[in-house]
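Coordinates in review
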Amino acid sequence: MDAEDELLTTKQVHERYGLFEATLRYYRHKGIGPASFRLGRRVCYRRSAVEEWISAQEAASTRGGVA
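Residues numbered from 1 in each chain as written. Predicted model: local features only at pLDDT ≥ 70, side-chain atom pairs only at ≥ 80, totals over all residues. Heavy atoms only, no water.

**Brief notes about the sheet that holds strand β3 (residues 42–46)**
The sheet built from three strands is open, its strands ordered β1-β3-β2 with antiparallel pairing. Edge strands, defined here as strands with exactly one partner in the open sheet, are β1 (7–9) and β2 (37–39). With direction set aside, neighbouring strand axes in the sheet form an average angle of 50 degrees. Pairing geometry for β1 and β3, over three bridges, is antiparallel. For Thr9, the partnering residue across the bridge sits in β3 and is Cys44. Together, β1 and β3 form the strand contacts of helix α1 (residues 10–17), whose direction differs from that of β1 by roughly 95 degrees. (Pairing = 2+ DSSP bridges. Helix = DSSP H or I, 4+ residues; strand = E, 2+ residues; numbered from the N terminus. Axes fitted to C-alpha atoms, helices over the stretch in contact; angles between N-to-C directions. Contact = heavy atoms within 4.5 Å.)

**So, the packing of aromatic side chains**
Evaluation of the coordinates by the stated rule reveals two aromatic pairs. A ring pair is formed by Tyr27 and Trp53, whose centres lie 5.6 Å apart and whose planes are at 55 degrees; its orientation type is tilted. Taken together, the residues Tyr27 in helix α2 (residues 21–30) and Trp53 in helix α3 (residues 47–61) connect sequence positions 26 residues apart. Judged by relative accessible area, which is 14%, Trp53 ranks as buried. Among the aromatic residues, those joined into a ring-pair cluster are Tyr26, Tyr27 and Trp53. (Phe/Tyr/Trp six-rings, centres within 6.5 Å; stacked < 30°, edge-to-face > 60°. Buried < 20%, exposed > 50% of the residue type's maximum accessible area, 1.4 Å probe, protein only.)

Below you can see the structure in the form of structure tokens.
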């Protein structure tokens, strides 16, 4: 498995990117956060999907972006 395809749990996303676990749960509920899926009972994120979502948030909120 490539590093970009690494699977992360909600806790690992929090530890690596500083997004609170409760915020990630809320985003999943609203359908607005990084793409996630269930693997058994665990919620997983692909590292590449989290980083793409962060980049999109950055582009939308920087000067000259769409925000």
